[in-house]
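Listed below, chain by chain, are the residues.
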Amino acid sequence: MKMRTPTQQISIRLPARDHERLVLDAENKGTTVADIARQRIQLAEKQIEIKDLLTSLLNHLTKHSFVITSTVAGLDPDEKEAVQLEIEKQLKRRIK
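Rules used in this analysis
Residues numbered from 1 in each chain as written. Predicted model: local features only at pLDDT ≥ 70, side-chain atom pairs only at ≥ 80, totals over all residues. Heavy atoms only, no water. Patch = residues over 30% accessible without salt bridge, like charges linked within 9 Å, V, L, I, M, F, W, Y side chains within 5 Å. Areas by Shrake-Rupley, 256 points an atom, 1.4 Å probe, with all protein chains shown as cover. Salt bridge = Lys/Arg side-chain N within 4 Å of Asp/Glu carboxyl O. Lys, Arg positive; Asp, Glu negative; His and termini not counted. Charge placed at Lys NZ, Arg CZ, Asp CG, Glu CD. Helix = DSSP H or I, 4+ residues; strand = E, 2+ residues; numbered from the N terminus. Expected span 1.5 Å × (residues − 1). Buried < 20%, exposed > 50% of the residue type's maximum accessible area, 1.4 Å probe, protein only. Contact = heavy atoms within 4.5 Å. Polar contact = N/O pair within 3.5 Å; in protein donor to acceptor, adjacent residues only side chain to side chain.

Side note on a negative patch on the surface
Judged by side-chain charge, Asp76, Asp78, Glu79 and Glu81 come together as a negatively charged surface patch. With respect to the helices and strands, Asp76 occurs in the loop between helix 2 (33–72) and helix 3 (77–91).

In structure tokens, the structure reads:
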């Protein structure tokens, strides 16, 4: 016996043009508008996850590049801190 995942129903209002695109896409793929909407929501969730992973990777690479560069430059801890603050101002984000 196959277990079904519990589902919940939602309603959303879309501009007519967006709804027409959903209907057309569903017709072209031989499926329902609900299936297309679910697929698009899942895709959007994956894109958000990928964006978060890329942001994390960028922070990781930036931090390690800074550590390597400051070490090669022979910066003492005070110089390193001053340079880090200046770089964070220029990047408009923290080097974690």
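Now that the structure has been shown, we can carry on.
Structural notes on helix 2
Taking 1.5 Å of rise per residue, 40 residues should cover 58 Å, and helix 2 covers 58 Å from first to last C-alpha, within 8% of that figure. Within helix 2, the full set of buried residues consists of Ile36, Asn59, Thr62, Phe66 and Ser70. Residues of helix 2 that are buried make contact with helix 1 (16–29) and helix 3. Backbone geometry just after helix 2 places Gly74 at a positive phi near 70 degrees.

Overview of the pattern of salt bridges
Inspection of the entire model under this criterion finds 5 salt bridges. Measuring nitrogen to oxygen at the nearest pair gives 3.7 Å for the salt bridge that ties Lys29 to Asp25. Taken together, the residues Lys29 and Asp25, both in helix 1 and 4 residues apart, mark about one turn of the helix. Taking the shortest distance from any N to any O, the salt bridge between Asp25 and Arg40 comes out at 2.8 Å. Residue Asp25 is located in helix 1, and its partner Arg40 is located in helix 2; the two are separated by 15 residues in the primary sequence.

A look at helix 3
Taking 1.5 Å per residue as the helical rise, helix 3 with its 15 residues ought to reach 21 Å, and the 21 Å between its terminal C-alpha atoms agrees with that figure. The distance from a side-chain oxygen at the start of helix 3 to the backbone nitrogen of Asp78 is 3.0 Å, and the residue carrying that oxygen is Asp76. Two residues or fewer after helix 3 comes Lys92, characterised by a positive phi angle close to 60 degrees.

Side note on the side chain of Glu88
On the secondary structure map, Glu88 appears in helix 3. Overall, the relative accessible area of 10% leaves Glu88 in the buried class. Residues within four places of Glu88 in sequence aside, it is in contact with Arg93, Arg94 and Ile95.

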